[in-house]
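What the coordinates show
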Amino acid sequence: MSHLVFLVPLFPLLGFLINGLGRNQLSKASIGAIGTGAVLLSFLVSVRLFMQVLDGGGGVDTLFYLFQTTDLSVPFAFQVDALSALFLLIITGIGTLIHLYSTAYMHEESAPHFARYFAYLNLFIFSMLLLVLGSGFVIMFIGWEGVGLCSYLLIGYWFKNNEYNYAARKAFVMNRIGDLGFLLAIFWIISKLGTTEYAQVFAGVNKLSASDITAITLLLFVGAMGKSAQIPLYTWLPDAMAGPTPVSALIHAATMVTAGIYMIARTNLLYTMAPFTQCVVAITGLATALFAATIALRQNDIKKVLAYSTVSQLGYMFLGLGVGAYTGAVFHVMTHAFFKALLFLGAGSVIHAMHHEQDIRKMGGLSKRLPHTHFTFLLGCLAIAGIPPLSGFFSKDEILAAAFQASPIYYILGLAGALMTAFYMFRLYTLTFLGEARFHEDPHHPVHESPWQMTVPLWILGILSVVGGWIGFPDWILPNAHRLESLLAPIFAGSTALATEHAHLTHSQEWMMTGGATIAIILAIVLAIRSSLRAKVDTEAATGLAGILENKWYVDEIYDNAIVKPLQSFADLLKNVIEKSGIDGLVNGVGKLVHYGSRQIRLVQSGQVGNYLLIMVLSMVVFFIIWFNDTSLMKLLHNIF
Amino acid sequence: MIPVLLILIPLITGLITFAFSTADSAKKNALLSAVATLVVAGWSVCCTPASALRFDIAWLPVMGSRFTLEMDGMSKMLCLLTGISFPMIFLAIFRQETKSAPAFFGWMLLSQAGLMGVFLAADALVFYFFWELALIPVYFLCSIWGGERRIAVTFKFFIYTFLGSLLMLTGIIYLSYHSPGASFAIESLTKAALSETQRNGLFWLFFIAFAIKMPIFPLHTWQPDAYEESPTAVTMVMSGIMVKMGLYAVVRWLLPVYPQSSALYADVIIALSVTGMLYASFIAMQQNNLKRLIAYSSIAHIGLMCAALFTAQPSAYQGVMIQMFSHGINVIGLWIIADAIEKQLGTRLLSEMGGLAQKAPTLAILLVIMGLANVALPLTNSFIGEFMMFNGLFRYNMVWAGVAGISIILAAVYTLRMIQKVLYGPLNPTTETATDIPATAKWALFVLVVLVIVGGVYPQPLIDLTNDTVQALITKH
Amino acid sequence: MPINYYIFFCLTLFSIGIVGVLTRRNAIIIFMCIELMLNAVNLLLVAFSKMHYAAAVAAAPDTTVGGDGQIFVFFIMVVAAAEVSVGLAIIVMMYRNIHSVDINFLNRLKN
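Predicted model, so just to flag it, every value in this text is computed and none were measured.

Quick notes on the interface of chain A and chain C
Taken residue by residue, the interface counts nine residues in chain A and eight residues in chain C. Buried surface at the junction of chain A and chain C, both sides included, amounts to about 760 Å², of which 65% is carbon and sulfur. Counting the contacts that link chain A with chain C gives zero salt bridges. A class-by-class count of the residues in the side of chain A that touches chain C yields four nonpolar, five polar and no charged.

Looking at the arrangement of the chains
When the two pairs of chains in contact are compared, the highest contact count belongs to chains A and B. One finds no contact between chain B and chain C; the C-alpha atoms of the two approach each other to within 23 Å at their closest.

Describing the domain arrangement of chain B
A common measure of how large an interface is: the accessible area buried when the components associate. All names here are of chain B. You can read the domains of chain B as domain 1 (1-257) and domain 2 (258-477). Centre-to-centre separation of domain 1 and domain 2, based on C-alpha positions: 22 Å. Each partner contributes to the interface: domain 1 provides 58 residues, whereas domain 2 provides 56 residues. At the boundary of domain 1 with domain 2, total buried surface from both sides reaches about 4900 Å², with 74% on carbon and sulfur atoms.

Things to note about the interface of chain B and chain A
Counting residues at the interface gives 63 residues for chain B, matched by 51 residues for chain A. Summed over both sides, the interface between chain B and chain A buries roughly 5200 Å², with carbon and sulfur atoms accounting for 71% of that surface. Between chain B and chain A we count two salt bridges in total. A salt bridge links Asp584(A) to Lys156(B); its shortest N-O distance comes to 2.6 Å. At the boundary of chain B and chain A, one finds 14 residue pairs in polar contact (both at pLDDT 80 or more). Element by element, the count of residues in the side of chain B that touches chain A is highest for helix H17 (residues 398-423) of chain B, at 15 residues. Residues belonging to the side of chain B that touches chain A are distributed by class as follows: 42 nonpolar, 16 polar and five charged.

Considering helix H13 (residues 314-345) of chain B
Residues and elements named next belong to chain B. Here H13 contains 32 residues, and its C-alpha end-to-end distance of 46 Å stays within 8% of the 46 Å for a straight helix at 1.5 Å per residue. At Gln323, H13 shows its maximal kink, close to 25 degrees. Within H13, 29 of the 32 residues are buried, leaving the element largely enclosed by the surrounding structure.

Some remarks on the side chain of Gln286(B)
Among the structural elements, Gln286(B) can be located in the loop between helix H11 (259-285) and helix H12 (290-309). With residues up to four places along the chain from it excluded, the contact list for Gln286(B) reads Gln568(A), Ala571(A), Asp572(A), Lys575(A) and Arg417(B).

Quick word on the side chain of Asn29(B)
Following the sequence through the fold, Asn29(B) ends up in helix H2 (residues 23-46). Beyond its immediate sequence surroundings of up to four residues, Asn29(B) is in contact with Thr13(B), Thr17(B) and Phe20(B).

Comments concerning a nonpolar patch on the surface
Judged by side-chain polarity, Ile563(A), Val564(A), Leu567(A), Phe570(A), Leu573(A), Val577(A) and Ile578(A) come together as a nonpolar surface patch covering roughly 530 Å² of accessible area. Within the secondary structure layout, Val577(A) lies in helix H24 (residues 555-602).

Points about the nonpolar core
Residues Phe210(B), Phe310(B) and Leu423(B) are the most contacted members of the largest nonpolar core, which totals 401 residues. What Phe310(B) contacts, discounting residues up to four positions off in sequence, is Phe203(B), Phe207(B), Val250(B), Leu254(B), Leu255(B), Ser262(B), Ala266(B), Ile269(B), Ile270(B) and Tyr396(B). If you look at the next biggest cluster of nonpolar residues, it comprises 18 residues, including Ala402(A), Leu415(A), Met513(A) and Ala517(A).

Side note on the packing of aromatic side chains
On inspection of all chains with the given rule, the structure shows 68 aromatic pairs over all chains. Relative to Phe118(A), the ring of Tyr117(A) has its centre 5.4 Å away and its plane inclined at 85 degrees; by these criteria the two rings are edge-to-face. For Tyr117(A), a relative accessible area of 0% gives the class buried. Taking NZ or CZ as reference, Lys213(B) lies 5.1 Å from the ring centre of Trp131(B), over its face.

Remarks on the packing of helix H5 (residues 137-155) of chain A against helix H8 (residues 210-227) of chain A
All names here are of chain A. At their nearest, the axes of H5 and H8 sit 12 Å apart, and the two run at 25 degrees to each other. Considering the angle they form, H5 stands roughly parallel to H8. Crossing handedness for the pair H5 and H8: left-handed. Within the contact between the two elements, H5 uses Phe137, Trp144, Val147 and Gly148 and H8 uses Leu220, Gly223, Ala224 and Lys227. A class-by-class count of the residues in the contact of H5 with H8 yields five nonpolar, two polar and one charged.

Notes on the pattern of salt bridges
Side-chain pairing between opposite charges can occur once the charged atoms of the two side chains come close. Tallying each qualifying case throughout the model produces 24 salt bridges over all chains. Here Arg348(B) and Glu228(B) are joined by a salt bridge, their closest N and O atoms 3.1 Å apart. Within this pair, whereas Arg348(B) is found in the loop between H13 and helix H14 (356-359), its partner Glu228(B) is found in helix H9 (residues 222-229), the two being separated by 120 residues in sequence. The pair Arg348(B) / Glu228(B) is uniform in exposure class, with both members buried. Across the pair Asp102(C) and Arg25(C) runs a salt bridge whose closest N-O atoms are separated by 2.6 Å.

Remarks on unusual backbone geometry
Geometrically, the link from Met214(B) to Pro215(B) is a cis peptide bond, its omega value of -5 degrees lying close to zero. Counting through the fold element by element, Pro215(B) comes out in the loop between helix H8 (196-213) and H9. In this structure, Pro218(B) follows Phe217(B) across a cis peptide bond, with omega equal to 0 degrees. On the secondary structure map, Pro218(B) appears in the loop between H8 and H9. Although it is not a glycine, His356(A) adopts a positive phi angle of roughly 65 degrees. Checked against the element boundaries, His356(A) lands in the loop between helix H15 (326-353) and helix H16 (371-385). Relative accessible area serves as the criterion here: at 47%, His356(A) is assigned to the partly exposed category. Positive phi outside glycine occurs at Ser100(B), with the angle close to 35 degrees. As for its position among the elements, Ser100(B) is in the loop between helix H3 (73-92) and helix H4 (101-120).

Analysis parameters
- Residues numbered from 1 in each chain as written.
- Chains lettered and ligands numbered in written order.
- Predicted model: local features only at pLDDT ≥ 70, side-chain atom pairs only at ≥ 80, totals over all residues.
- Heavy atoms only, no water.
- Contact = heavy atoms within 4.5 Å.
- Buried area = accessible area lost by both parts, 1.4 Å probe.
- Salt bridge = Lys/Arg side-chain N within 4 Å of Asp/Glu carboxyl O.
- Nonpolar A, V, L, I, M, F, W, Y, C, P; charged D, E, K, R; others polar.
- Domains from an automatic or database assignment.
- Polar contact = N/O pair within 3.5 Å; in protein donor to acceptor, adjacent residues only side chain to side chain.
- Helix = DSSP H or I, 4+ residues; strand = E, 2+ residues; numbered from the N terminus.
- Expected span 1.5 Å × (residues − 1).
- Bend = angle between axes of the 7 residues up to and from the residue.
- Buried < 20%, exposed > 50% of the residue type's maximum accessible area, 1.4 Å probe, protein only.
- Patch = residues over 30% accessible without salt bridge, like charges linked within 9 Å, V, L, I, M, F, W, Y side chains within 5 Å.
- Areas by Shrake-Rupley, 256 points an atom, 1.4 Å probe, with all protein chains shown as cover.
- Core = buried A, V, L, I, M, F, W, Y, C linked by side-chain atoms within 4.5 Å.
- Phe/Tyr/Trp six-rings, centres within 6.5 Å; stacked < 30°, edge-to-face > 60°.
- Lys NZ or Arg CZ within 6 Å of the ring centre and 35° of its normal.
- Axes fitted to C-alpha atoms, helices over the stretch in contact; angles between N-to-C directions.
- Parallel < 35°, antiparallel > 145°, perpendicular 65-115°, else oblique.
- Left-handed = near helix turned anticlockwise from the far one by under 90°.

Below you can see the structure in the form of structure tokens.
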């Protein structure tokens, strides 16, 4: 293969450096051009790499060694294969569109902050590329923490607002909890195999005991839970919506949050060998999918709905991974990247048009005012709901079919989640675009369609959301048309060989199931539109179950009271009591004791010379008596030296 | 010859500096001397024959002590760290008003001479001599130029560390008495004929001295006070270099001399260190005082290094070597920033800060980078060291590694909290008038930032430099 | 004369010196008592030295053993003389300052 691969992360890195260092000198136009151009260049190189992979190219390219010691060497190496090339395309492709979109969306910012934004964004792309390109766990971890950092910086981009800062901190800390699991998994692998390179780890997997593999995969999954916002570490993602909307689209929908799926897909061999972990992954994924969907039903912030929807869709991907449908999960990553980025950018367009109003109860009737946004948003909604032949249908269907083969219960619950998805998405769509306008328009700042930099990405993503699924036709529609599966087959070959063969569903069963599901989804959509149009929209807090859902099952409050506050009071206890009165008290106590003791002993020095003399004479007498009568004292001294 | 130069340059220039009459000339002289020392230290790292790295003359023949200086990889690395740190410190405070500056800079240089000597000595008595020599200038620096509570705090600091030193001195004398030829040379100390009880007792005499210096929980309480009350330049010396004396001494004078006792008590010490890591992290989490926060964070980091030293794992040793250097760089960077903030705002309380990112963007960027290095983010220098140390700890005992790993999370909590309280949020009356970081401090920080990044991306030179020390340790065990 | 006589004599002298030092408050008298003790020791040294020499001569006629005891005496006398001059000077200074030679007034360091 050609050694172009280092260029892919290099361009965004350069973009980061130029924009970061020149933030006070560059104009906004050149900042935007540099930021977008860097990612575009990466995209072009990625396309070329992808072509090479299609032609059977790819491989590992070592740039240098991060460190080499007697017992461990970590090369800084990039691995290009079908999986990483596919992710490269998603990251740089969608990244380019979002950079372009951002040039218009962020135009109100002053030049230094504009540069800061693009620098962060480029740094994010760089880290994400490291994550997927790394040829071993350490490089992946570097990217892994790097994207966490960028996510932190971008969520807290408007740093004057302390609530945003708290959200940013929460995201970083929750990610760190996951990272600890990831790190421990790496150490476990090193201690057993002495390497962190994928190729060597997978080759040596037979040296691992079953319990090792289970432990390693569980720890890795902890990392994935943090990064990909699964129960119980999901609460940071909805809060992360504090960041600028293009950031939410890029980081918190399309790319970073799918890192966990990438990791498990990458290490699929280990997971296939650990059925217990697979079960945990599937159940966690399914639980998250359902739980987040219920919350999304009653959210009123346009971005929060999409955030919970993302959590829920990520749950589906994990369900797919858990039941061994690795291709399906990666497929869903791709389609989800298209339509969720589209939806977020559409939401951004709406927010932009509405002058930073995010409450959907104060919108409505925007379909005529924002025609491009409206139409592409509708495409996105249809895609995520899983209406054939849009992209979401194919990927979700593939996961659900695999879930059915693993257990019908998974399928039924998964389908219930899909119905909820259709419902909340069309509730969102209806409240935003249909019905009466529920906002007061400022005549000086009328609601307007966004400029081309924003609508062009919307249309491109809209088209991709429609056709993106067509590279993965299932067998029962068109035999041997699943291009993605044949592309990724080498990556999952080890797992395919190990996997127990399920009884395949007949094609007619598939047709019936899919047909039934589609009809149910359409019914859910109709129900959502009708109920949302009819419902009296008020801004009062809901009560009962709806109230609980609106408050997100009070999970944040529970975490706060059960974990954060006790830890803080524990820390306070350590700081104010144990440290001050305990340990330092002991130290100072010794000092005080010496003071006190010397004050008492000082009294012996009465100032009466006669006393001194008496003591002197007496002690000499005592000494002589001991000297002549007792040799044990001398013996003791002799023993020591 | 090089070892002698490393000690003599700061010693002589330090004495000369006392004689200067103006602050300006004293500063320039000190900076020049520090740069000269750095050049020599750099020279020792690059390309010198082994013979130039050893110096040996008779000193106190009656007591069996020779004035022996020797440089191996770890010595070179720590001398380099000392060499880099002092110019940075002088640069950072270059534009600040310092009362009776000649004396201040003179004492600073003398402490550098003492530190160099500690890292070079190959004779226990010479080592002890420099160990104390490094302490005395710091005592004067703190008690003359320190903050309001300086007298009490310095007294505590001095007595505490001096107590440790005396324990060590007792140990050294006892050990040399039992060594072949009653000598203080490191080679003969390792051959001392000791019973098991004697060995274990001596082990603790030495370890307590080093543990106070590092410091290890629960012997750490002098440190936050001393860091808070000392002038910041001195705090940089203390936290950047002096705490490395404890770690260095463990590697040089404890592990090779008492390998059996080290293995025997490894669990106890690792337990103390890990407890200390979590303990200090928790306290840092609720700390409202910027300087104390950094102090506790430093305790947490040192705890990991101490724990790693007793795992007897090659990768952990290697990690400690890298981390000693990285931690020095990072913590000095943090102190420079903390000092700039305190000088600006006149407060160290986080609750009174906020919004500095608007007023001081350069300071904000530098603080964020240094903060990230403090949480050991990948591609900053401390990641590699911490990665290796945790790896070694994991191999030694995975439960300890898991428990110690919690500090990774806590480090993120307290560091980000600090960054947020200082930089973000709305402006308040205290921060309204703030301006950006002074130019000299900025340049010092730029150098440190470059070291942070280079150390994080390509730490191999450091690994190669200290490899001989690590190999020697492994064969000893 | 048996050595016992010397020993008991010196012991008596020494004890008188000690008792004098302990009980008297006048600095000059204390001083004299100290001299008494010193001389008791001197006497004893000379006595032992002489006896030691006598025993050694009996074994080997040309010996010089035992001389050092007497040399010590000279040293002690020199030291005592020096001490007397310093001590008396102190007492004189003390008298000039507090118009008394009572040692119980010498408690300025107490507080």
